[in-house]
Amino acid sequence: MHFGQAGGFAGRSSVRKSTLGGLNRGHPILNFGVGVVFALSLLLMGIASAHAAGRIALVLTAEDYQKLPKSSIGTKRGAEIAEALKARGFEVIVSPNPSNATARAHLRDFAAKAEGSDLAFVVLIGHGVAWGGQTFFLTTNTELGRATDLLSRALSTTNIAQIVGRAQTGGVFFFMTSPTFENPIEGLDARPQFTSEVPKNAVTIFSSSARIPVSRIDAAGEQAAEALTKLLQQPSPSLTEAIKIASNGNLGAVFGRVDEVNLAKPTPAPPTQSVAAISPQPAVGVQKTEEIEGKLEEERRAREQAETRARDERLRAERAQAEVLKAQADAKKAQADVERAQADAEKAKQEAKRVEAQAQIAAAQAEQLRHVSVAPTIEDAQLGQKQRRLIQQRLRELGLYTGPIDAIMGPLTREAIMGYQRSRSAAITGYLTAEQFDALLPKEDQ
(Lines give C-alpha, C1' and ligand atoms only; values in the text may rest on other atoms or scores of the structure.)
Protein backbone atom coordinates (compact mmCIF):
# COMPACT_ATOMS: atom_id res chain seq x y z
CA MET A 1 0.00 0.00 0.00
CA HIS A 2 1.04 3.63 -0.60
CA PHE A 3 0.17 6.60 1.50
CA GLY A 4 0.91 9.50 -0.81
CA GLN A 5 -2.13 11.56 0.24
CA ALA A 6 -1.45 11.24 3.98
CA GLY A 7 2.18 12.14 3.34
CA GLY A 8 0.98 15.26 1.56
CA PHE A 9 -0.89 16.41 4.64
CA ALA A 10 2.15 15.74 6.84
CA GLY A 11 4.30 17.82 4.52
CA ARG A 12 1.95 20.76 4.80
CA SER A 13 1.97 20.52 8.60
CA SER A 14 5.77 20.52 8.72
CA VAL A 15 5.85 23.68 6.57
CA ARG A 16 3.56 25.42 9.02
CA LYS A 17 5.51 24.30 12.10
CA SER A 18 8.90 25.37 10.71
CA THR A 19 7.50 28.76 9.83
CA LEU A 20 5.94 29.18 13.24
CA GLY A 21 9.08 28.11 15.06
CA GLY A 22 11.11 30.90 13.49
CA LEU A 23 8.92 33.70 14.89
CA ASN A 24 9.30 35.05 18.43
CA ARG A 25 8.26 38.65 18.05
CA GLY A 26 4.92 40.53 17.98
CA HIS A 27 2.11 41.28 20.33
CA PRO A 28 1.63 38.46 22.88
CA ILE A 29 -2.17 38.42 22.59
CA LEU A 30 -2.00 38.45 18.79
CA ASN A 31 0.58 35.68 18.81
CA PHE A 32 -1.59 33.61 21.16
CA GLY A 33 -4.74 34.16 19.07
CA VAL A 34 -3.03 33.27 15.80
CA GLY A 35 -1.48 30.24 17.48
CA VAL A 36 -4.93 29.02 18.50
CA VAL A 37 -6.15 29.55 14.92
CA PHE A 38 -3.26 27.46 13.59
CA ALA A 39 -3.93 24.80 16.21
CA LEU A 40 -7.54 24.60 15.04
CA SER A 41 -6.37 24.44 11.39
CA LEU A 42 -4.03 21.56 12.19
CA LEU A 43 -6.81 19.77 14.05
CA LEU A 44 -9.25 20.17 11.13
CA MET A 45 -6.59 18.97 8.67
CA GLY A 46 -5.97 15.95 10.85
CA ILE A 47 -9.69 15.16 10.89
CA ALA A 48 -9.90 15.52 7.08
CA SER A 49 -6.86 13.28 6.68
CA ALA A 50 -8.37 10.67 8.98
CA HIS A 51 -11.59 10.68 6.95
CA ALA A 52 -9.70 10.37 3.64
CA ALA A 53 -7.67 7.44 4.97
CA GLY A 54 -10.76 5.26 5.58
CA ARG A 55 -12.47 2.47 3.63
CA ILE A 56 -15.24 3.16 1.13
CA ALA A 57 -17.31 0.75 -1.00
CA LEU A 58 -20.08 1.02 -3.59
CA VAL A 59 -22.39 -1.97 -4.18
CA LEU A 60 -24.62 -1.81 -7.30
CA THR A 61 -26.99 -4.76 -7.77
CA ALA A 62 -29.25 -4.97 -10.83
CA GLU A 63 -31.80 -7.79 -10.77
CA ASP A 64 -35.20 -6.63 -12.04
CA TYR A 65 -34.56 -5.28 -15.55
CA GLN A 66 -37.23 -3.37 -17.47
CA LYS A 67 -36.22 -4.42 -21.01
CA LEU A 68 -34.11 -7.53 -20.31
CA PRO A 69 -34.60 -10.85 -18.51
CA LYS A 70 -34.07 -10.93 -14.76
CA SER A 71 -30.53 -11.44 -13.45
CA SER A 72 -30.07 -14.73 -11.60
CA ILE A 73 -27.91 -13.44 -8.72
CA GLY A 74 -30.23 -10.89 -7.10
CA THR A 75 -30.17 -7.92 -4.75
CA LYS A 76 -30.21 -10.12 -1.66
CA ARG A 77 -26.64 -11.24 -2.39
CA GLY A 78 -25.59 -7.62 -2.87
CA ALA A 79 -27.05 -6.71 0.54
CA GLU A 80 -25.12 -9.58 2.16
CA ILE A 81 -21.83 -8.41 0.62
CA ALA A 82 -22.56 -4.84 1.71
CA GLU A 83 -23.15 -5.94 5.33
CA ALA A 84 -19.96 -8.00 5.29
CA LEU A 85 -17.98 -4.98 4.05
CA LYS A 86 -19.50 -2.79 6.77
CA ALA A 87 -18.29 -5.34 9.31
CA ARG A 88 -14.81 -4.92 7.80
CA GLY A 89 -14.88 -1.18 8.56
CA PHE A 90 -16.10 0.06 5.15
CA GLU A 91 -18.46 2.95 4.61
CA VAL A 92 -20.79 1.34 2.09
CA ILE A 93 -23.08 2.94 -0.50
CA VAL A 94 -25.70 0.35 -1.51
CA SER A 95 -27.98 0.76 -4.53
CA PRO A 96 -30.32 -2.14 -5.41
CA ASN A 97 -31.84 -2.11 -8.91
CA PRO A 98 -30.47 1.33 -9.85
CA SER A 99 -31.44 3.19 -12.99
CA ASN A 100 -28.69 4.66 -15.14
CA ALA A 101 -29.06 8.12 -13.58
CA THR A 102 -29.15 6.74 -10.03
CA ALA A 103 -26.10 4.55 -10.56
CA ARG A 104 -24.10 7.47 -11.99
CA ALA A 105 -25.12 9.72 -9.08
CA HIS A 106 -23.93 7.11 -6.55
CA LEU A 107 -20.72 6.68 -8.54
CA ARG A 108 -20.02 10.44 -8.33
CA ASP A 109 -20.60 10.38 -4.56
CA PHE A 110 -18.32 7.36 -4.26
CA ALA A 111 -15.60 9.05 -6.37
CA ALA A 112 -15.48 12.02 -4.01
CA LYS A 113 -15.11 9.76 -0.97
CA ALA A 114 -12.60 7.41 -2.65
CA GLU A 115 -10.08 10.20 -3.24
CA GLY A 116 -7.05 9.39 -1.04
CA SER A 117 -8.82 6.66 0.97
CA ASP A 118 -7.00 3.52 2.12
CA LEU A 119 -9.31 1.09 0.32
CA ALA A 120 -11.98 1.72 -2.32
CA PHE A 121 -14.06 -1.18 -3.66
CA VAL A 122 -16.88 -1.27 -6.22
CA VAL A 123 -19.01 -4.42 -6.35
CA LEU A 124 -21.17 -4.88 -9.47
CA ILE A 125 -23.82 -7.61 -9.65
CA GLY A 126 -25.98 -7.98 -12.75
CA HIS A 127 -25.94 -8.24 -16.54
CA GLY A 128 -22.76 -7.30 -18.35
CA VAL A 129 -21.57 -7.17 -21.97
CA ALA A 130 -18.29 -6.28 -23.67
CA TRP A 131 -17.69 -4.11 -26.71
CA GLY A 132 -14.77 -2.14 -28.09
CA GLY A 133 -12.30 -3.47 -25.50
CA GLN A 134 -14.50 -2.42 -22.55
CA THR A 135 -16.94 -4.28 -20.30
CA PHE A 136 -20.16 -2.53 -19.30
CA PHE A 137 -22.49 -2.96 -16.31
CA LEU A 138 -26.12 -2.75 -17.44
CA THR A 139 -28.42 -0.79 -15.14
CA THR A 140 -32.07 -1.79 -14.76
CA ASN A 141 -33.39 0.64 -17.38
CA THR A 142 -30.70 -0.11 -19.99
CA GLU A 143 -32.18 -0.29 -23.49
CA LEU A 144 -29.85 -0.82 -26.45
CA GLY A 145 -30.49 -0.32 -30.14
CA ARG A 146 -26.84 -0.58 -31.13
CA ALA A 147 -23.51 -1.11 -29.39
CA THR A 148 -22.63 2.59 -29.14
CA ASP A 149 -25.63 3.11 -26.82
CA LEU A 150 -23.52 1.48 -24.10
CA LEU A 151 -21.46 4.67 -23.75
CA SER A 152 -24.45 6.60 -22.38
CA ARG A 153 -26.80 3.89 -21.09
CA ALA A 154 -24.42 1.66 -19.11
CA LEU A 155 -21.38 1.96 -16.81
CA SER A 156 -17.91 1.24 -18.13
CA THR A 157 -15.72 -0.85 -15.80
CA THR A 158 -12.72 0.90 -17.37
CA ASN A 159 -13.94 4.23 -16.02
CA ILE A 160 -14.85 2.71 -12.65
CA ALA A 161 -11.31 1.27 -12.39
CA GLN A 162 -9.91 4.78 -12.89
CA ILE A 163 -12.11 6.02 -10.03
CA VAL A 164 -11.06 3.31 -7.54
CA GLY A 165 -7.47 4.03 -8.58
CA ARG A 166 -7.74 7.34 -6.73
CA ALA A 167 -7.50 5.41 -3.46
CA GLN A 168 -4.31 3.89 -2.03
CA THR A 169 -5.64 0.48 -3.09
CA GLY A 170 -8.75 -0.11 -5.20
CA GLY A 171 -10.72 -3.02 -6.58
CA VAL A 172 -13.66 -3.57 -8.96
CA PHE A 173 -15.52 -6.88 -8.49
CA PHE A 174 -17.97 -7.68 -11.31
CA PHE A 175 -20.18 -10.75 -10.85
CA MET A 176 -21.57 -10.95 -14.38
CA THR A 177 -24.71 -12.53 -15.73
CA SER A 178 -25.47 -12.78 -19.43
CA PRO A 179 -28.44 -10.84 -20.89
CA THR A 180 -30.64 -11.95 -23.78
CA PHE A 181 -31.66 -9.21 -26.24
CA GLU A 182 -34.92 -9.37 -28.16
CA ASN A 183 -33.06 -8.20 -31.27
CA PRO A 184 -29.40 -9.33 -31.49
CA ILE A 185 -26.90 -6.44 -31.47
CA GLU A 186 -23.80 -6.73 -33.64
CA GLY A 187 -20.43 -6.50 -31.89
CA LEU A 188 -21.48 -7.41 -28.32
CA ASP A 189 -19.69 -10.19 -26.43
CA ALA A 190 -20.84 -11.97 -23.27
CA ARG A 191 -17.22 -12.46 -22.11
CA PRO A 192 -15.37 -9.56 -20.41
CA GLN A 193 -12.84 -7.32 -22.18
CA PHE A 194 -10.43 -4.80 -20.63
CA THR A 195 -7.90 -3.44 -23.10
CA SER A 196 -7.27 -0.02 -21.48
CA GLU A 197 -4.33 0.76 -19.22
CA VAL A 198 -4.93 -0.55 -15.70
CA PRO A 199 -4.26 1.84 -12.78
CA LYS A 200 -1.14 0.76 -10.87
CA ASN A 201 -2.94 0.61 -7.53
CA ALA A 202 -6.22 -0.98 -8.67
CA VAL A 203 -7.39 -4.40 -9.82
CA THR A 204 -10.50 -5.37 -11.80
CA ILE A 205 -11.92 -8.87 -11.33
CA PHE A 206 -14.58 -10.58 -13.48
CA SER A 207 -16.32 -13.79 -12.45
CA SER A 208 -16.16 -15.07 -16.05
CA SER A 209 -13.74 -15.13 -18.98
CA ALA A 210 -13.27 -16.78 -22.37
CA ARG A 211 -12.37 -19.97 -20.50
CA ILE A 212 -15.92 -20.24 -19.13
CA PRO A 213 -18.64 -21.26 -21.65
CA VAL A 214 -21.35 -18.67 -22.25
CA SER A 215 -23.95 -21.13 -20.94
CA ARG A 216 -22.08 -21.21 -17.60
CA ILE A 217 -21.58 -17.45 -17.11
CA ASP A 218 -24.63 -16.99 -14.84
CA ALA A 219 -23.75 -19.99 -12.67
CA ALA A 220 -20.13 -18.81 -12.40
CA GLY A 221 -21.27 -15.36 -11.26
CA GLU A 222 -23.59 -16.82 -8.61
CA GLN A 223 -20.86 -19.14 -7.32
CA ALA A 224 -18.24 -16.39 -7.07
CA ALA A 225 -20.61 -13.92 -5.35
CA GLU A 226 -21.61 -16.52 -2.76
CA ALA A 227 -17.96 -17.46 -2.11
CA LEU A 228 -16.94 -13.81 -1.63
CA THR A 229 -19.78 -13.29 0.85
CA LYS A 230 -18.58 -16.23 2.93
CA LEU A 231 -14.95 -15.05 2.79
CA LEU A 232 -15.83 -11.54 3.97
CA GLN A 233 -17.66 -13.07 6.91
CA GLN A 234 -14.44 -14.73 8.10
CA PRO A 235 -12.41 -13.06 10.93
CA SER A 236 -9.37 -12.01 8.88
CA PRO A 237 -9.82 -12.26 5.07
CA SER A 238 -7.17 -10.95 2.68
CA LEU A 239 -7.46 -9.09 -0.61
CA THR A 240 -5.56 -11.84 -2.44
CA GLU A 241 -8.13 -14.41 -1.28
CA ALA A 242 -10.98 -12.12 -2.33
CA ILE A 243 -9.50 -11.71 -5.81
CA LYS A 244 -9.01 -15.45 -6.26
CA ILE A 245 -12.53 -16.28 -5.08
CA ALA A 246 -14.21 -13.50 -7.10
CA SER A 247 -12.48 -14.80 -10.25
CA ASN A 248 -13.69 -18.37 -9.61
CA GLY A 249 -10.25 -19.65 -8.70
CA ASN A 250 -8.59 -17.70 -11.55
CA LEU A 251 -10.99 -19.13 -14.16
CA GLY A 252 -12.43 -15.65 -14.47
CA ALA A 253 -10.52 -12.62 -15.73
CA VAL A 254 -8.26 -10.44 -13.54
CA PHE A 255 -6.73 -7.18 -14.78
CA GLY A 256 -4.17 -5.28 -12.72
CA ARG A 257 -2.19 -6.11 -9.61
CA VAL A 258 -2.12 -4.65 -6.09
CA ASP A 259 -0.17 -5.27 -2.89
CA GLU A 260 -1.54 -7.66 -0.30
CA VAL A 261 -4.02 -6.08 2.14
CA ASN A 262 -5.62 -7.58 5.23
CA LEU A 263 -9.36 -6.93 5.04
CA ALA A 264 -9.89 -7.42 8.78
CA LYS A 265 -11.52 -4.44 10.49
CA PRO A 266 -8.72 -1.96 11.32
CA THR A 267 -7.92 -1.05 14.92
CA PRO A 268 -9.48 2.33 15.81
CA ALA A 269 -6.95 5.20 15.80
CA PRO A 270 -6.10 6.90 19.12
CA PRO A 271 -8.26 9.95 19.86
CA THR A 272 -7.08 13.21 18.35
CA GLN A 273 -5.37 15.55 20.78
CA SER A 274 -7.80 18.18 22.00
CA VAL A 275 -7.32 21.85 21.29
CA ALA A 276 -6.77 22.59 24.96
CA ALA A 277 -3.78 20.26 25.04
CA ILE A 278 -2.05 22.03 22.17
CA SER A 279 0.32 24.69 23.33
CA PRO A 280 -0.05 27.94 21.41
CA GLN A 281 2.87 28.60 19.14
CA PRO A 282 4.29 31.93 18.11
CA ALA A 283 2.58 33.13 14.92
CA VAL A 284 3.99 34.48 11.72
CA GLY A 285 1.31 37.07 11.40
CA VAL A 286 -1.98 37.12 9.60
CA GLN A 287 -0.55 38.26 6.28
CA LYS A 288 1.96 35.40 6.09
CA THR A 289 -0.74 32.88 7.00
CA GLU A 290 -3.00 34.11 4.22
CA GLU A 291 -0.14 33.78 1.71
CA ILE A 292 0.43 30.14 2.67
CA GLU A 293 -3.27 29.34 2.58
CA GLY A 294 -3.51 31.08 -0.77
CA LYS A 295 -0.73 28.95 -2.23
CA LEU A 296 -2.34 25.78 -0.91
CA GLU A 297 -5.67 26.83 -2.40
CA GLU A 298 -3.98 27.53 -5.76
CA GLU A 299 -2.41 24.07 -5.69
CA ARG A 300 -5.77 22.48 -4.95
CA ARG A 301 -7.46 24.36 -7.76
CA ALA A 302 -4.64 23.46 -10.16
CA ARG A 303 -5.08 19.77 -9.32
CA GLU A 304 -8.83 20.00 -9.81
CA GLN A 305 -8.39 21.76 -13.15
CA ALA A 306 -5.87 19.15 -14.29
CA GLU A 307 -8.26 16.34 -13.31
CA THR A 308 -11.12 18.09 -15.09
CA ARG A 309 -9.05 18.51 -18.25
CA ALA A 310 -7.96 14.87 -18.12
CA ARG A 311 -11.57 13.76 -17.66
CA ASP A 312 -12.74 15.94 -20.53
CA GLU A 313 -9.97 14.58 -22.78
CA ARG A 314 -10.94 11.04 -21.85
CA LEU A 315 -14.59 11.72 -22.65
CA ARG A 316 -13.65 13.29 -25.98
CA ALA A 317 -11.47 10.30 -26.79
CA GLU A 318 -14.32 7.93 -25.92
CA ARG A 319 -16.75 9.90 -28.06
CA ALA A 320 -14.26 9.93 -30.92
CA GLN A 321 -13.76 6.19 -30.57
CA ALA A 322 -17.52 5.65 -30.59
CA GLU A 323 -17.86 7.79 -33.72
CA VAL A 324 -15.08 5.84 -35.43
CA LEU A 325 -16.72 2.54 -34.54
CA LYS A 326 -20.08 3.81 -35.77
CA ALA A 327 -18.51 5.03 -39.00
CA GLN A 328 -16.84 1.64 -39.47
CA ALA A 329 -20.12 -0.13 -38.82
CA ASP A 330 -21.94 2.16 -41.29
CA ALA A 331 -19.19 1.61 -43.88
CA LYS A 332 -19.42 -2.13 -43.40
CA LYS A 333 -23.20 -2.02 -43.83
CA ALA A 334 -22.85 0.16 -46.93
CA GLN A 335 -20.31 -2.27 -48.40
CA ALA A 336 -22.68 -5.15 -47.73
CA ASP A 337 -25.49 -3.25 -49.44
CA VAL A 338 -23.25 -2.59 -52.46
CA GLU A 339 -22.23 -6.25 -52.68
CA ARG A 340 -25.86 -7.34 -52.39
CA ALA A 341 -26.87 -4.89 -55.12
CA GLN A 342 -24.06 -6.16 -57.36
CA ALA A 343 -25.15 -9.74 -56.76
CA ASP A 344 -28.76 -8.84 -57.60
CA ALA A 345 -27.61 -7.04 -60.74
CA GLU A 346 -25.54 -10.03 -61.84
CA LYS A 347 -28.46 -12.34 -61.19
CA ALA A 348 -30.77 -10.10 -63.21
CA LYS A 349 -28.18 -9.99 -66.00
CA GLN A 350 -27.97 -13.79 -66.13
CA GLU A 351 -31.77 -14.05 -66.12
CA ALA A 352 -31.96 -11.56 -68.99
CA LYS A 353 -29.44 -13.62 -70.96
CA ARG A 354 -31.48 -16.78 -70.33
CA VAL A 355 -34.72 -15.13 -71.44
CA GLU A 356 -32.99 -13.70 -74.50
CA ALA A 357 -31.63 -17.14 -75.43
CA GLN A 358 -35.05 -18.71 -75.03
CA ALA A 359 -36.56 -15.99 -77.16
CA GLN A 360 -33.95 -16.56 -79.86
CA ILE A 361 -34.63 -20.32 -79.82
CA ALA A 362 -38.39 -19.75 -80.02
CA ALA A 363 -37.92 -17.29 -82.85
CA ALA A 364 -35.71 -19.73 -84.73
CA GLN A 365 -38.25 -22.50 -84.28
CA ALA A 366 -41.06 -20.24 -85.41
CA GLU A 367 -39.04 -19.20 -88.44
CA GLN A 368 -38.29 -22.83 -89.21
CA LEU A 369 -41.95 -23.82 -88.93
CA ARG A 370 -42.93 -20.86 -91.05
CA HIS A 371 -40.80 -22.19 -93.92
CA VAL A 372 -41.88 -25.81 -93.52
CA SER A 373 -44.61 -26.70 -95.99
CA VAL A 374 -47.10 -29.32 -94.94
CA ALA A 375 -47.35 -32.06 -97.53
CA PRO A 376 -50.85 -33.22 -98.57
CA THR A 377 -52.18 -36.21 -96.67
CA ILE A 378 -53.79 -39.44 -97.93
CA GLU A 379 -57.53 -39.64 -97.38
CA ASP A 380 -59.05 -42.85 -96.03
CA ALA A 381 -60.98 -43.37 -99.25
CA GLN A 382 -57.69 -43.63 -101.12
CA LEU A 383 -56.61 -46.64 -99.04
CA GLY A 384 -57.85 -50.18 -99.53
CA GLN A 385 -58.82 -52.47 -96.66
CA LYS A 386 -55.58 -54.42 -97.02
CA GLN A 387 -53.52 -51.24 -96.90
CA ARG A 388 -55.32 -50.07 -93.78
CA ARG A 389 -54.66 -53.44 -92.11
CA LEU A 390 -50.98 -53.25 -93.09
CA ILE A 391 -50.72 -49.72 -91.62
CA GLN A 392 -52.19 -50.93 -88.30
CA GLN A 393 -49.92 -53.98 -88.34
CA ARG A 394 -46.83 -51.89 -89.04
CA LEU A 395 -47.73 -49.33 -86.31
CA ARG A 396 -48.20 -52.20 -83.84
CA GLU A 397 -44.75 -53.53 -84.71
CA LEU A 398 -43.34 -50.08 -83.93
CA GLY A 399 -45.08 -50.16 -80.52
CA LEU A 400 -47.40 -47.30 -81.43
CA TYR A 401 -50.73 -49.06 -82.01
CA THR A 402 -52.52 -51.11 -79.35
CA GLY A 403 -55.92 -51.65 -80.97
CA PRO A 404 -57.27 -54.54 -83.11
CA ILE A 405 -56.21 -55.10 -86.72
CA ASP A 406 -59.65 -54.27 -88.15
CA ALA A 407 -58.80 -51.88 -91.03
CA ILE A 408 -60.84 -49.15 -89.24
CA MET A 409 -58.98 -45.83 -89.10
CA GLY A 410 -60.41 -44.89 -85.71
CA PRO A 411 -59.02 -42.83 -82.80
CA LEU A 412 -56.47 -45.47 -81.81
CA THR A 413 -55.12 -45.61 -85.33
CA ARG A 414 -55.02 -41.80 -85.60
CA GLU A 415 -53.16 -41.58 -82.26
CA ALA A 416 -50.63 -44.18 -83.45
CA ILE A 417 -50.08 -42.22 -86.69
CA MET A 418 -49.50 -39.03 -84.67
CA GLY A 419 -46.91 -40.90 -82.57
CA TYR A 420 -45.22 -42.01 -85.78
CA GLN A 421 -45.20 -38.45 -87.10
CA ARG A 422 -43.85 -37.16 -83.78
CA SER A 423 -40.96 -39.64 -83.94
CA ARG A 424 -40.06 -38.27 -87.37
CA SER A 425 -40.33 -34.58 -86.22
CA ALA A 426 -43.02 -34.09 -88.82
CA ALA A 427 -46.24 -32.12 -88.67
CA ILE A 428 -48.63 -34.00 -86.40
CA THR A 429 -51.98 -34.45 -88.20
CA GLY A 430 -52.97 -38.09 -87.64
CA TYR A 431 -53.07 -38.55 -91.43
CA LEU A 432 -50.19 -40.04 -93.44
CA THR A 433 -48.57 -38.18 -96.28
CA ALA A 434 -47.54 -40.07 -99.36
CA GLU A 435 -43.92 -39.91 -98.24
CA GLN A 436 -44.80 -41.21 -94.77
CA PHE A 437 -46.95 -43.98 -96.30
CA ASP A 438 -44.04 -45.15 -98.48
CA ALA A 439 -41.67 -45.02 -95.50
CA LEU A 440 -44.04 -46.99 -93.32
CA LEU A 441 -44.98 -49.61 -95.99
CA PRO A 442 -42.32 -50.61 -98.50
CA LYS A 443 -43.48 -50.88 -102.14
CA GLU A 444 -43.52 -54.64 -102.07
CA ASP A 445 -45.90 -54.63 -99.06
CA GLN A 446 -48.33 -52.11 -100.51
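A. Representation of the overall build of the protein chain. Helix and strand content of the protein chain: 12 helices and 8 strands. Classification of the 446 residues of the protein chain by burial places 37% in the buried group. Counted over contacts in the protein chain with a minimum sequence separation of 6, partners at least 24 positions apart contribute 72%. Of the roughly 25000 Å² of accessible surface on the protein chain, 54% is carried by carbon and sulfur atoms.

B. Region of interest: the side chain of Ser209. With respect to the helices and strands, Ser209 occurs in the loop between β7 (202-206) and α7 (217-232). Engagement of the side chain of Ser209 in a polar contact is seen with the backbone oxygen of Leu251, the distance being 2.5 Å.

C. Geometry of helix α6 (residues 157-164). Across the 8 residues of α6, 6 count as buried, placing the element largely inside the fold. Of all the positions in α6, only Thr157, Thr158, Ile160, Ala161, Ile163 and Val164 are classed as buried. On its buried side, α6 packs onto α4 (100-114), β3 (119-131), β4 (134-138), β5 (154-156), β6 (169-177) and β7. The backbone nitrogen of Thr158 has a side-chain oxygen 3.2 Å away, supplied by the residue at the start of α6, namely Ser156.

D. Looking closely at the pattern of salt bridges. Throughout the structure, instances matching the rule amount to 18 salt bridges. Across the pair Asp380 and Arg414 runs a salt bridge, and its minimum N-O distance is 2.4 Å. With a gap of 34 residues between them, Asp380 in the loop between α9 (286-371) and α10 (385-397) and Arg414 in helix α11 (residues 411-423) connect regions that are remote in the sequence. In this structure Asp380 comes out as partly exposed when scored by relative accessible area, which is 28%. Several salt bridges share partner residues, and in doing so they unite Glu63, Asp64 and Lys70 into one network.

E. Quick peek at the confidence of the model for the protein chain. Across the protein chain, the average pLDDT comes to 83, with 80% of residues at 70 or higher. Model confidence for the protein chain, summarised as mean pLDDT per element, is weakest for helix α1 (residues 4-21) at 34 and strongest for strand β1 (residues 55-61) at 97. Throughout residues 1-52 the model reports pLDDT below 50, and contacts reaching past four residues in sequence, or to other chains, amount to 54 contacts. Below a pLDDT of 50 lies the segment residues 273-285, which in the model reaches 21 contacts outside its immediate sequence neighbourhood of four places, other chains included.

F. Examining helix α3 (residues 75-87) more closely. Spanning 13 residues, α3 covers 19 Å between terminal C-alpha atoms, matching the ideal 18 Å at 1.5 Å per step. Along α3, the positions that sit buried rather than exposed are Gly78, Ile81, Ala82, Ala84 and Leu85. Looking straight down α3, one finds its buried side chains confined to an arc of 165 degrees; they lie on one side. Elements in contact with the buried residues of α3: β1, β2 (91-96), β3, β6 and α7. With its phi angle positive at about 90 degrees, Gly89 sits one or two positions after the end of α3.

G. Local environment of the packing of α3 against α7. Orientation of α3 relative to α7, taken along the N-to-C sense of each, is 25 degrees, at an axis distance of 9 Å. One finds that α3 runs roughly parallel with respect to α7. Judged by the sense of rotation from one axis to the other, the crossing of α3 with α7 is left-handed. Contact residues: α3 offers Arg77, Glu80, Ile81, Ala84 and Leu85, while α7 offers Ala225, Glu226, Leu228, Thr229 and Leu232. The residue inventory of the contact of α3 with α7, partitioned by class, reads 6 nonpolar, 1 polar and 3 charged.

H. Quick look at the nonpolar core. Membership of the largest hydrophobic core comes to 38 residues, with the highest contact counts inside it found for Phe110, Leu124 and Leu150. Secondary structure elements with two or more residues in this core: β1, α4, β3, β4, β5, α6, β6 and β7. Setting aside its immediate chain neighbours within four residues, Leu150 contacts Val129, Trp131, Phe136, Leu138, Leu144 and Leu188. Ranked by size, the runner-up nonpolar core spans 29 residues in total, among them Leu119, Ile125, Leu231 and Leu239.

I. Expanded view of the packing of aromatic side chains. Taken as a whole and judged by the stated rule, the model has 6 aromatic pairs. With 5.9 Å between their ring centres and 80 degrees between their planes, Phe206 and Phe255 make a pair best called edge-to-face. Of this pair, Phe206 sits in strand β7 while Phe255 sits in strand β8 (residues 253-256), placing them 49 residues apart in sequence.

J. Main features of unusual backbone geometry. The residue Asn97 is not glycine, and still its phi comes out positive at about 50 degrees. By secondary structure assignment, the location of Asn97 is in the loop between β2 and α4. Classification of Asn97 by relative accessible area gives partly exposed; the value is 26%. In the Ramachandran plot, Asn248 falls in the positive-phi region, its phi being about 55 degrees despite a non-glycine side chain. Exposure remark for Asn248: the relative accessible area of 13% places this residue in the buried category.

K. Structural context of the pairing of β3. Taken across its 13 residues, β3 has 13 buried, putting it largely inside the fold. As judged from the 7 bridges shared by β1 and β3, these two strands associate in the parallel manner. Across the sheet, residue Val59 finds its bridge partner in β3, namely Val123. Note: β3 against β6, 9 bridges, orientation parallel. Bridge pairing in β6 places Ala120 opposite Gly170. Pairing of β3 with β4 involves 4 bridges; the strand directions are antiparallel. Along β4, the bridge assignment pairs Ala130 with Thr135. Counting the residues in the hairpin turn of β3 and β4 gives 2 residues, including Gly132, whose phi is positive at 60 degrees.

About the criteria used
- Residues numbered from 1 in each chain as written.
- Predicted model: local features only at pLDDT ≥ 70, side-chain atom pairs only at ≥ 80, totals over all residues.
- Heavy atoms only, no water.
- Helix = DSSP H or I, 4+ residues; strand = E, 2+ residues; numbered from the N terminus.
- Buried < 20%, exposed > 50% of the residue type's maximum accessible area, 1.4 Å probe, protein only.
- Contact = heavy atoms within 4.5 Å.
- Areas by Shrake-Rupley, 256 points an atom, 1.4 Å probe, with all protein chains shown as cover.
- Polar contact = N/O pair within 3.5 Å; in protein donor to acceptor, adjacent residues only side chain to side chain.
- Salt bridge = Lys/Arg side-chain N within 4 Å of Asp/Glu carboxyl O.
- pLDDT = per-residue confidence, 0-100.
- Expected span 1.5 Å × (residues − 1).
- Arc of directions from axis to C-beta.
- Axes fitted to C-alpha atoms, helices over the stretch in contact; angles between N-to-C directions.
- Parallel < 35°, antiparallel > 145°, perpendicular 65-115°, else oblique.
- Left-handed = near helix turned anticlockwise from the far one by under 90°.
- Nonpolar A, V, L, I, M, F, W, Y, C, P; charged D, E, K, R; others polar.
- Core = buried A, V, L, I, M, F, W, Y, C linked by side-chain atoms within 4.5 Å.
- Phe/Tyr/Trp six-rings, centres within 6.5 Å; stacked < 30°, edge-to-face > 60°.
- Pairing = 2+ DSSP bridges.

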